[in-house]
Protein chains: 4
Amino acid sequence: MDREQRKRLPIFEAAIKVFSEKGFEKATVDEIAERAGIAKGTIYYNYGSKKNLFLSLIEEGIERLETAVKKEIARRNNVRTKLEALITVQLQFFDDYNSFCKVLLSEVWGRDTRWEEKAERIRSGYFSIIKDLIDAGKVEGVIKKELDTGTTSSALFGMIGIAALDRFLFEKEYSYEDILNTLKSIFFSGIEK
Amino acid sequence: MDREQRKRLPIFEAAIKVFSEKGFEKATVDEIAERAGIAKGTIYYNYGSKKNLFLSLIEEGIERLETAVKKEIARRNNVRTKLEALITVQLQFFDDYNSFCKVLLSEVWGRDTRWEEKAERIRSGYFSIIKDLIDAGKVEGVIKKELDTGTTSSALFGMIGIAALDRFLFEKEYSYEDILNTLKSIFFSGIEK
Amino acid sequence: MDREQRKRLPIFEAAIKVFSEKGFEKATVDEIAERAGIAKGTIYYNYGSKKNLFLSLIEEGIERLETAVKKEIARRNNVRTKLEALITVQLQFFDDYNSFCKVLLSEVWGRDTRWEEKAERIRSGYFSIIKDLIDAGKVEGVIKKELDTGTTSSALFGMIGIAALDRFLFEKEYSYEDILNTLKSIFFSGIEK
Amino acid sequence: MDREQRKRLPIFEAAIKVFSEKGFEKATVDEIAERAGIAKGTIYYNYGSKKNLFLSLIEEGIERLETAVKKEIARRNNVRTKLEALITVQLQFFDDYNSFCKVLLSEVWGRDTRWEEKAERIRSGYFSIIKDLIDAGKVEGVIKKELDTGTTSSALFGMIGIAALDRFLFEKEYSYEDILNTLKSIFFSGIEK
DNA sequence: GATGAATGAGTTTTCATTCAT
DNA sequence: AATGAATGAAAACTCATTCAT
C-alpha cells in the first residue's frame, strides 16, 4: 500500500458505510470523518468535495464489478456460459456489497442530470459489456434476433439488481442458490414450462 | 372537484415535477410552493410536512398503478394473459409517468429504513399482486414450480422498471413496441432460441 | 350570563390552561381555539389579538385577587389582621389558580418593557394595596418605621408568591396550614426565637 | 484566557444581554450572533442549540451566585451571620446582574416542565444551601422550630428576589442600604415592633 | 357573528466548504 | 500534509393574523 492509500483507505471505507446508510444527501462529511477517525479537513484535502468523494466511491465500486465480470467472462468460451458467469458475479457482488449497491441503484440509476457525465460514463461502461455479449449471442445464433439488445441488457441488469436488493435488504431469510437458479432460469428459458 | 381539491391539486402537480427533477432531498418546499403559485405556508397547512407531501404523492401514484393493473388483470382469464397485461400496464405507466417512477425507484426501492412502514406497505402491496399471479400460475401448471416466487416477482418488477427507465430517460429514440415485446419474450420464454 | 359571555367564557378558560402550560410565547392561538371548541377566527373576532387576550386574562385574574383581598381587608379593623387576611387570601389564590399565577409571575413580573403600561398598571395597582396597609401600620405604630415601604411590600408579595409556587408546583405533598403559618410567623415576627 | 474562550466569551456576553432584554423565546440567535460580532453558525458550532446556550448561561450564572454565597458563608461562624451574608450576597448579585436575574426568575422559576431536569437541578441546588442553614439554625436553637423549612427557604429567596427586581427594574431611585436592612429586619425579627 | 383556509415573515438549525495554523 | 474552528447560505417549519364566505 503506497503512502497515498494510508489515509485514503479509511476514508473510503467510512464513506461507503455512511453513504449506504444515509444516502448521498443525508450523509454528512462530519460523520464520515468521525467514523474514519480523521479530521474533516483531511477529506477535503484528499478528495476536494463531498460529491467527488462519492463519485470516486462509485467509480471504484463499478470498476471492481467490471473487473470481476470481465475476468470470469474471459475464462468461458461461449455466450451462454459467459452470461451465466455475468449473472453469478453480479449477484455475488450485490450480495457482498449490498449496501453499496443500494446507493448505486438509488443515486446513480435513479437520477439523470445530477451526476452528469461521470455517472453516465460509469453506467454505460458496464452496460456495454452486457450489450456486447447479447450481440455476440445473436451472431452466434444462440440468442433470438428479435430481442432489442438495449432492452435485454437493462432488463438483465434490472432483474438481477432489484431481485438481489429485494432479497438481501427486505427478507430475513433467503437461499442464495434459489435466487441464482431462478434468475438464470428466467433469463435463459423464461418462466413457462 | 370539491373545495379541498382546489388548492391541493396544483400543489400535487408542482410537487410531482419538483420531486422528479430533484429527488426528495434536493427538492425544496419553497420551489414547490412557487411553482404551484401558492404560499409556502399553504403546503404545510395542507400536508403538514415535506415528508408527508412526498408520501401522499407516492401513495397516490402507486394507487393509480395498482388500480390500472388490477382492472386489466380482472379482464383476462388465465395467468399468461394476466401477466402480459401486468407487463403492458406497468410499462405504460413507467412511460406515462417516467419522472415520477424515477423517484419511486430511487427513493422507495432504494432506501430501506428511511421511509419506514408506509413505504414498505406500498412496496409489498404492489409486490403481492405479482406474487399471487406467479403462485396461481404454478398451481395452474403453466409456470415452472422450481422458480422462487419472491425472486421471480422482484425480477419481473426490476426488469420492467430498469429497462423502462433506461430507455425512457437515457435514450433519445426507442420503440415502445420493441421494449414491450422484448420484455414479454424474455420473461415468458427466455432469451434463448 | 349575557350573550357576549357565551363565547368568551370557554375561550377564557382554555386560554388560562394553555398559557399556564406553555407560557405566552409557546402558547398558540390554534391550541386555545381547539381546546375551547371554537374556530380560531372567533378568538380574533372577540379579542383582536393574542396579546390582548392574554392581557385580558391577567387583568381579570388580578381583579379577582384584588376584589377578594379588598373584601377581606374591609372586614378587619386593624392593620395586623388586615395583613393576615391579605396573606391568607393571596396564598389561597395562588393555591386555587397556581397555573395562572405561574404565568403571572413569569410573564408580568419577569418582564419589563414587553407588556408596557397595562402590565405596569396591573402590577402597581395590586402593590399599592399592600403599601397602603404598611404605611397605615406605621402610622398606627404597629410597624417599624425604619422599614422601607416599597421593599416591604414587594418582599411580602415575593415571599408568598415564590413560596406558594415552589410548594404547589414542585412538591408533591405539602401542608397548606404549615405554609400559611410559616409565612405569617416570618413576616410578623421573623425567624428568630 | 485559553483559545476556547476567545470565541465563547463574546457569545456569552451577547447572549446574556439579548436573553435578558427579550426573554428566551423572543431572543433570536441571529441577534445574539450579530451582537457578538460572529457568524450564526459559530454559535451552533460552540453550543449546539439555542436552548443549550441558554442553559449554559443559567448554569454559569447560578454557579457564580453559589460560589459567592458559599465563600461568604464559610467565613462566618454562626447561622445568623451566615444568613445575613446570604441575603447580602444574593441582593448584591441581583443588583449586579439584574437583567440576568429577571430571566432567571421568569424562565427557570416560572416554568416547570420546560427546562426539565437541568433547570430543576439548578434550582434545588441553590435551595439546599438555604435549607441547610435553616435546619442548622433550628438545631442551634436560634430559629423557631415550628417554621416549615421548605417554606422558609423559598420565602427568603422570594422576598429577596422579587423585592430586588421590583426596586432595580421598576424604580428609578432606590437606596441599596435601605433594601438590605429592610429585608434583614423582616426576615430575622418581622415587621412588628 | 363566526369561520377556517391561506398567508408570509420570521426562526431555528444544518452542513459543505474554506483557510489560518 | 493535516487540522478543525468558523462561516453563511439555504432549508424546514411555525404561527399570528387576515379576509372572503
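Since this is a predicted model, take the numbers as computed values, not measurements.

Basis of the calculations
- Residues numbered from 1 in each chain as written.
- Chains lettered and ligands numbered in written order.
- Predicted model: local features only at pLDDT ≥ 70, side-chain atom pairs only at ≥ 80, totals over all residues.
- Heavy atoms only, no water.
- Helix = DSSP H or I, 4+ residues; strand = E, 2+ residues; numbered from the N terminus.
- Buried < 20%, exposed > 50% of the residue type's maximum accessible area, 1.4 Å probe, protein only.
- Areas by Shrake-Rupley, 256 points an atom, 1.4 Å probe, with all protein chains shown as cover.
- Lys, Arg positive; Asp, Glu negative; His and termini not counted.
- Charge placed at Lys NZ, Arg CZ, Asp CG, Glu CD.
- Axes fitted to C-alpha atoms, helices over the stretch in contact; angles between N-to-C directions.
- Parallel < 35°, antiparallel > 145°, perpendicular 65-115°, else oblique.
- Left-handed = near helix turned anticlockwise from the far one by under 90°.
- Contact = heavy atoms within 4.5 Å.
- Nonpolar A, V, L, I, M, F, W, Y, C, P; charged D, E, K, R; others polar.
- Domains from an automatic or database assignment.
- Buried area = accessible area lost by both parts, 1.4 Å probe.
- Salt bridge = Lys/Arg side-chain N within 4 Å of Asp/Glu carboxyl O.
- Polar contact = N/O pair within 3.5 Å; in protein donor to acceptor, adjacent residues only side chain to side chain.
- Least-squares fit on C-alpha atoms with pLDDT ≥ 70 in both.

1. Digging into the overall build of chain A
Here comes step 1: Scanning chain A from N- to C-terminus turns up nine helices and zero strands.
Here comes step 2: Counting from the amino terminus, helix and strand elements in chain A follow one another as α-α-α-α-α-α-α-α-α.
Here comes step 3: Structurally, chain A occupies a C-alpha span of about 60 × 35 × 35 Å along its principal axes.
Here comes step 4: Within chain A, buried positions represent 55% of all 193 residues.
Here comes step 5: For chain A, the computed accessible surface area is about 8,500 Å², with 48% contributed by carbon and sulfur atoms.
Here comes step 6: Computed over 32 positive and 32 negative side-chain charges, the inter-centroid distance for chain A is 2 Å.

2. A closer look at the packing of helix α9 (residues 176-189) of chain C against helix α8 (residues 149-170) of chain D
Here comes step 1: In contact at an axis separation of 9 Å, α9(C) and α8(D) are set at 50° when each is read in the N-to-C sense. Here α9(C) lies oblique to α8(D), going by the angle between them. Pair α9(C) / α8(D) crosses with right-handed handedness. Contacts from C:Ile179, C:Thr182, C:Leu183 and C:Ile186 of α9(C) reach α8(D) at D:Thr151, D:Thr152 and D:Ala155.
Here comes step 2: Classifying every residue of the contact of α9(C) with α8(D) by side-chain character gives four nonpolar, three polar and no charged.

3. Re the domain arrangement of chain A
Residues and elements named next belong to chain A.
Here comes step 1: By the assigned domains, chain A splits into domain 1 (1-48) and domain 2 (58-189).
Here comes step 2: A straight line from the C-alpha centre of domain 1 to that of domain 2 covers 28 Å.
Here comes step 3: Counting from both sides, the interface comprises seven residues of domain 1 and, opposite them, eight residues of domain 2.
Here comes step 4: Carbon and sulfur atoms make up 66% of the area that domain 1 and domain 2 hide from each other, which totals about 580 Å².
Here comes step 5: When the buried surface of domain 1 facing domain 2 is broken down by residue, Phe12, Ser20 and Phe24 rank first, second and third, together holding 67% of it.
Here comes step 6: Linking domain 1 with domain 2 are zero salt bridges, by the criterion used here.
Here comes step 7: The tally of links from domain 1 across to domain 2 stands at zero residue pairs in polar contact (both at pLDDT 80 or more).
Here comes step 8: Tallied by class, residues from the side of domain 1 that touches domain 2 come to four nonpolar, two polar and one charged.

4. Brief notes about the interface of chain D and chain C
Interface size is commonly expressed as the accessible area that is lost once the parts come together.
Here comes step 1: With 51 residues of chain D at the interface, the matching set in chain C holds 51 residues.
Here comes step 2: Carbon and sulfur atoms supply 57% of the area that chain D and chain C bury against each other, a total of about 5,000 Å² over both sides.
Here comes step 3: The interface formed by chain D and chain C includes two salt bridges.
Here comes step 4: With a closest N to O distance of 4.0 Å, D:Asp148 and C:Arg167 form a salt bridge.
Here comes step 5: Here chain D is connected to chain C by ten residue pairs in polar contact (both at pLDDT 80 or more).
Here comes step 6: No other element matches the 13 residues that α8(D) contributes to the side of chain D that touches chain C.
Here comes step 7: For the side of chain D that touches chain C, the residue count by class is 18 nonpolar, 13 polar and 20 charged.

5. Quick look at the pattern of salt bridges
Residues and elements named next belong to chain A.
Here comes step 1: Here the structure, examined in full by the defined rule, presents 44 salt bridges over all chains.
Here comes step 2: Between Glu84 and Arg80 there is a salt bridge, and its shortest N-O distance comes to 3.6 Å. Taken together, the residues Glu84 and Arg80, both in helix α5 (residues 79-96) and four residues apart, mark about one turn of the helix.
Here comes step 3: Its relative accessible area of 31% is what places Arg80 among the partly exposed residues.
Here comes step 4: Counted as one network, the salt bridges with shared partners bring together Glu21, Lys22, Glu31 and Arg35.

6. Side note on the relation of the copies chain D and chain C
Here comes step 1: Mapping chain D onto chain C is achieved by rotating through 180° and translating by 0.0 Å along the same axis, at an RMSD of 0.1 Å. One copy is carried onto the other by what is essentially a two-fold rotation axis.
Here comes step 2: A shared interface surface links the copies, since 100% of the contact residues of chain D are contact residues in chain C too.

7. With respect to the relation of the copies chain A and chain B
Here comes step 1: Of the transformation placing chain A onto chain B, the axial shift is 0.0 Å and the rotation is 180°, giving an RMSD of 0.1 Å.
Here comes step 2: A share of 100% of the interface residues of chain A reappears at the interface of chain B, consistent with the copies meeting face to face through the same patch.

8. Section: the interface of chain A and chain B
Here comes step 1: Counting residues at the interface gives 51 residues for chain A and 51 residues for chain B.
Here comes step 2: Taken together, the connections running from chain A to chain B amount to eleven residue pairs in polar contact (both at pLDDT 80 or more).
Here comes step 3: For the side of chain A that touches chain B, the elements supplying multiple residues, two or more each, are α1 (3-26), α5, α6 (98-109), α7 (116-140), α8 (149-170) and α9 (176-189) of chain A.
Here comes step 4: In terms of residues, the side of chain A that touches chain B owes the most to one element, α8(A), which gives 13 residues.
Here comes step 5: Grouping the amino acids of the side of chain A that touches chain B by side-chain chemistry returns 18 nonpolar, 13 polar and 20 charged.

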